[in-house]
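The primary structure of each chain is shown beneath.
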Amino acid sequence: MGWYVMGVDLGSTTAKAVIVDQDGGLAGSSVVQMGAVSRDAVLRAMDHALTSARIGRDSIRHTISTGYGRKLVPGADRSFTEITCHARGAAALHPGVRLVIDIGGQDSKVIAVDSDGLVDRFAMNDRCASGTGRFFDVLARALEVDVNNVGDLALSGAEGLEVSSMCATFAETEVISMLAQGREKSDIAASVHKAVAARTLGLLAQVGKATPTVMTGGVAQNAAARHYIEKALRHPIDVLAQPQIAGAYGAGLLARDEYAGSVSSAESRDAKAKEQLSVRAAGIVPQCAGCDGTAGDHNHVSVPLTLRRKS
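So, here's what we can say about the structure. This one's a predicted model, so the numbers in the text were calculated from it and none came from an experiment. (Residues numbered from 1 in each chain as written. Predicted model: local features only at pLDDT ≥ 70, side-chain atom pairs only at ≥ 80, totals over all residues. Heavy atoms only, no water.)

Counting residues in each nonpolar core, the largest one holds 37 residues, and the members touching the most others are I101, M215 and I229. Of all elements in the fold, only β6 (99-103), β7 (108-113), α3 (133-143), α4 (150-155), α5 (168-180), α6 (185-207) and α7 (223-233) reach the threshold of two or more residues within this core. At ten residues, α6 tops the list of elements feeding residues into this core. The residues touching I101, leaving out its near neighbours within four places in the chain, are K109, V110, T200, L204, T213, V214, M215, T216, I229, L233 and I237. Of all hydrophobic cores here, the second largest spans 19 residues; its members include Y4, A17, A45 and V73. (Core = buried A, V, L, I, M, F, W, Y, C linked by side-chain atoms within 4.5 Å. Buried < 20%, exposed > 50% of the residue type's maximum accessible area, 1.4 Å probe, protein only. Helix = DSSP H or I, 4+ residues; strand = E, 2+ residues; numbered from the N terminus. Contact = heavy atoms within 4.5 Å.)

This part covers the sheet that holds strand β2 (residues 14-21). The mixed open sheet is built from five strands, whose spatial order is β3-β2-β1-β4-β5. Whereas interior strands pair on both sides, the edge strands pair on one side only; in this sheet they are β3 (26-33) and β5 (78-79). Relative to β5, strand β4 (residues 60-66) is paired through two bridges, and the arrangement is parallel. Of the residues in β5, the one forming a bridge with I64 is R78. Running over the sheet, helix α1 (residues 39-53) touches β1 (4-10), β2, β3 and β4 and is turned about 150 degrees from β3. Packing of helix α8 (residues 246-260) onto the sheet brings it into contact with β1, β2, β3, β4 and β5, and relative to β1 it is tilted by some 140 degrees. (Pairing = 2+ DSSP bridges. Axes fitted to C-alpha atoms, helices over the stretch in contact; angles between N-to-C directions.)

All right, on to helix α2 (residues 82-93) then. Over its twelve residues, α2 runs 16 Å from end to end, which matches the ideal 16 Å to within 8%, given 1.5 Å per residue. Judged by how many residues are buried, α2 sits mostly within the fold: ten of twelve residues are covered. (Expected span 1.5 Å × (residues − 1).)

A few words now on the environment of K194. Here K194 is to be found in helix α6. Sequence separation between K194 and E162 is 32 residues; the distance between their C-alpha atoms is 9.8 Å. In this view, K194 contacts E159 and Y228; residues no more than four positions away in its chain are not counted. At a separation of 3.4 Å, a polar atom in the side chain of K194 contacts the side chain of E159. (Polar contact = N/O pair within 3.5 Å; in protein donor to acceptor, adjacent residues only side chain to side chain.)

Mapping D102 onto the fold places it in strand β6. A relative accessible area of 3% places D102 in the buried class. Engagement of the side chain of D102 in a polar contact is seen with the side chain of K109, the distance being 2.8 Å. At 3.1 Å, the side chain of D102 and the side chain of T216 are in polar contact. Not counting chain neighbours up to four residues away, the residues in contact with D102 comprise H86, D107, S108, K109, T216 and G217.

Glancing now at the side chain of T84. Among the secondary structure elements, T84 is positioned in helix α2. The residues touching T84, leaving out its near neighbours within four places in the chain, are V119, L254, A266 and D270.

On to α3, then. Of all eleven residues that make up α3, eight are buried, and the element is covered over most of its length. If you check which residues of α3 are buried, you get G133, F135, F136, V138, L139, A140, A142 and L143. Among the residues trailing α3, E144 stands out with phi positive, at a value near 60 degrees.

This is a description of form; function is not addressed.
This is the structure in structure tokens:
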């Protein structure tokens, strides 16, 4: 009988778990929505993934966690950064991928991937909700539409309105002001999606364009977000069948490799990523050009993080 491992991605708004078999195949998966980081939610995701794979918890040989709440995953043998896991998962789900755009609930990342499916370099915005899932939640609330429908609404509108604030704190006020001026909801949604794409292009400029390109994370399911990022990139974005589980799948593949005794390349890259991320967490403040905490122009600029191979 074969053996199995588990990968768990605990994000800020969803918990994802996958079961990977000894050959690297995806045996089962689960995505659980949650209001905040929750141990109960991650346990449900893990149980649902086991049910999906039709195996019991005692069949799992190794577990690796990732994501915003990776340290809260019960029973995890170790953790890897979401940078490494999204790259590995996307490379497995779309062989040959060279660029991963991950827009989750809490942050956004652009990751260049090498021919081995490992992180080459990356840029990240984790100090501002601009362009993240939370930002789209704010937009949907202001427009009084379901967040799952805001993308379709945007695709039906025109993109000609000027969106001056990309700060989630003030975007809701600006959208309400536009509505008071009689602007169409669809036009507001389209213009905001275009502005988010422009912000994403800023991260891409720090990493460099490459094809094939895929999106991971919950926002990848927003057709308007994909559309406007494609327009900004001027090349197509390939759609993964299950973009939300890319990080968890990458964690599962790393768990498989580790259990089999081979993770050295990914481990060394991840150690470098962890080092740079910990430096940011230890006290680097957001670099917000023109943002002093008051209403006005909020053009948030992320600090670039690079991870380059030695020549």
